[in-house]
Amino acid sequence: MAVLTAVILGRLVLLQGLDGTAYAAAASADRLREDVLAATRGQILDANGNPMAYTLSARKIYADPSLIGDPVAAATILSGMLGAPVNQLVDKLQADNRYQVLAERLEPSLAAQVMNLGIAGIGVEVQPLRIYPAGSVGAQVVGFTGADGSGLAGIEQAYDELLTGTPGTTSYEVGRSGAVIPAGGRTDRPAVPGGSVQLTIDQDVQFHLQQQLDAQCADGSTENAQGVILDAHSGRVLAMATCRSFDPNTASEADPDTLGNGAISGILESGSVAKAITLSAAIEEGIVTPDDVRLTPDSITVGNTTVRDAHPHNPINYTVTGILAKSSNVGTIGIARELGNERLEQYLRAFGVGEPTGIELPGESPGILVPNQEWSIAQSINVPIGQGFALTTLQMASIYQTIANGGVRIPPRIVASTTAADGTVTESAQPEGVRVISEQTAATMAYMLEAVVGEGGTALNASIAGYRVAGKTGTAQRPNPACSCYAGGGFWTTFAGFAPADAPRYVMSVMLQRPDSGVPAGPVFKNVMTFVLAHEAVPPTGVGRPEFILIV
Amino acid sequence: MAASVSVETIRAEPSRSRATPRTHRPALRLLPAPTPSLRRGPFIALVLTLVIIGTVGLLVLNTVIAADSFRVEQLVQRNAELALAEQELQRQVAEGLSPEALAEAARELGMVPAGQPAFVIVGPDGAIVIQGTPVPAGVR
């Protein structure tokens, strides 16, 4: 009797005292059900608050074929409402499993109509749907999301964590049958919806730029076209596009080649656009002034590399302004040889070549610039005229932003602010500027670049009636990936510039990639910049274009 | 019964307390048993009233709660419907506001992109300067 009592008592102590908490926890875990509350993904807005991406609640209609009585009759009724062929629906309704998705991304009202038919075996599920109201406009910047709702490109990827938010949970007690115990404990941890991201992009400008680039690519021979527009003083990106965008609403069906943001991930050799760097350096270092005269032949040979000017000519007495306005390769190389490779590389890097700008987008390329000690002789005479190093279309714009902004380069940014779920707005700080050239040199460069655009320069086609425009054309041979040589690689034609030249507001770079060098990029600049100036209500400065002495 | 017990108890007591002299003991007699109260009627009425009020009150409360819960359900449903309607309307607005849709709508109305504007600059002294040359729409 005593032994039995001891055993029972011992067991009691063991159960209640020692293992008690574990059993209680197991019991409560058995009763507790936990459901995940999905967090709504945040919005992506343009500079004016127009939504470029947002999430709404759509519906998915599914069928359990084992419960469908008459597949043909059901398919006939559903076909009209779901917009799917009858035979396809019949196949699905007769499938040998218990879950067939009949239609996705439906308006809730349409799904409700389908459910009102009361067909047994047809069910509806809530499906978060990412909507991009602007379609292909800015798609390469905004990016897209995958089937699981996570960001796979662009801002959607870079700000995925902020946009996603934090899913919540609701846990409650259920009885054996699964019914909720009304008086049972219930704990809700509500979902925190995702924050929103406001871009510096203006949807209208973006649309116009995209249209102009697409028009270039529609000619059948232009393989690629890219453009970037920056605010001259803040470095903010007003628009950024690559021709042939895609519709992020149906990203999974898009041509994969169109998904990337070429303006930051693709690289090109800018050609004569880079002469602005060479001359900025030479003026800053006191090697030349705009009115210095250089007797310039039409070719220069260093080692066994010969570089010619675009058109044959007898030796001409070009001013330095004339060398830039006429885009003389020989004149520029002559000045660069006085500058030296080391200083040229210094200035290239100061202008941002060879390092990523740090823009808030995934997949940015830093460009390619090898240290000057490794330059071959051919490279050392090609770099000053924009060959032998590579940059992105964005970096090309950034170089001209530096000149337009009095010599201070502001690394370009594309996110204006982020707003957390609780409404806290975080304005993006403007990155610290980098003083590349003096204000005086920048003003001199703006003056010289204005000589390029208009009468006497190479870019008459980029001039805008009533406005003073500064800029530079470029043409570069494109390396042929097949042979690692330039033969058969085609060309890049480029243009970078800003307006108004005497009170810069906007900077733009354009690149066209073609099998020939016959189509200049200047007109694209002209068309888009004309729109930007009118759209942003930038009045002409009312001061006439100065006279330039190009040849003496 | 209770009365008789108490009488016995009282009677038995003196035998135990020897200190008390016999002569001082007061005369004892039996009290009549308490007569049952004749005022039961109002009490029953009170209890009955309370019971009825309670029952009816409970019924009314239950009905009100049930009616309210129906109303809550209706409102929740209506709220959900309105949220969906709003969502669809906002989607239409957002799509209508997109540059592509606007451009298409404008084209359908026969509109063309504006030409270059001129700017009227009013100086501090009221002098007017016109900057730029206006270009008619459709001329590029």
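Structure shown above.
Residues numbered from 1 in each chain as written. Chains lettered and ligands numbered in written order. Predicted model: local features only at pLDDT ≥ 70, side-chain atom pairs only at ≥ 80, totals over all residues. Heavy atoms only, no water.

**Q** If you had to explain a nonpolar patch on the surface to someone new, which residues and values would you point to?
**A** Residues Phe43, Ile44, Leu46, Val47, Leu48, Leu50, Val51, Ile52, Val56, Val60 and Val64 of chain B make up a contiguous nonpolar surface patch of roughly 1000 Å² in combined accessible area. On the accessibility criterion, valine 64 of chain B (40% relative accessible area) is partly exposed. (Patch = residues over 30% accessible without salt bridge, like charges linked within 9 Å, V, L, I, M, F, W, Y side chains within 5 Å. Areas by Shrake-Rupley, 256 points an atom, 1.4 Å probe, with all protein chains shown as cover. Salt bridge = Lys/Arg side-chain N within 4 Å of Asp/Glu carboxyl O. Buried < 20%, exposed > 50% of the residue type's maximum accessible area, 1.4 Å probe, protein only.)

**Q** So what's going on with the pattern of salt bridges? Residues and values would help.
**A** Side chains that carry opposite charge are capable of pairing whenever their charged atoms lie near each other. All names here are of chain A. The final tally for this structure, using the stated rule, is 17 salt bridges over all chains. For the salt bridge of arginine 514 with aspartate 219, the shortest nitrogen-to-oxygen distance reads 3.0 Å. Here arginine 514, found in strand β21 (residues 506–514), pairs with aspartate 219, found in the loop between α9 (203–217) and β9 (224–231); they are 295 residues apart in sequence, far enough to count as distant. Looking at aspartate 219, the relative accessible area reads 39%, which means it is partly exposed. In this structure, the salt-bridge partner of arginine 514 is aspartate 516, at a minimum N-O distance of 3.1 Å. Given a relative accessible area of 31%, aspartate 516 falls into the partly exposed group. Residues joined in a network through salt bridges with shared partners are Arg41, Arg130, Glu156 and Asp160. (Helix = DSSP H or I, 4+ residues; strand = E, 2+ residues; numbered from the N terminus.)

**Q** Pulling in residues and values, what's your account of the nonpolar core?
**A** All names here are of chain A. Counting residues in hydrophobic clusters, the biggest one holds 111 residues, and the most contacted among them are Ile155, Leu199, Ile229, Met240 and Ile414. Here the element with the most residues in this core is helix α16 (residues 393–404); it accounts for seven residues. Counting contributing residues, this core receives three or more from each of domain 1 (45–134) and domain 2 (203–243 + 262–415 + 430–535). Formed by 17 residues, the second largest nonpolar core is a distinct cluster that contains Ile61, Ala75, Val90 and Leu102. (Core = buried A, V, L, I, M, F, W, Y, C linked by side-chain atoms within 4.5 Å. Domains from an automatic or database assignment.)

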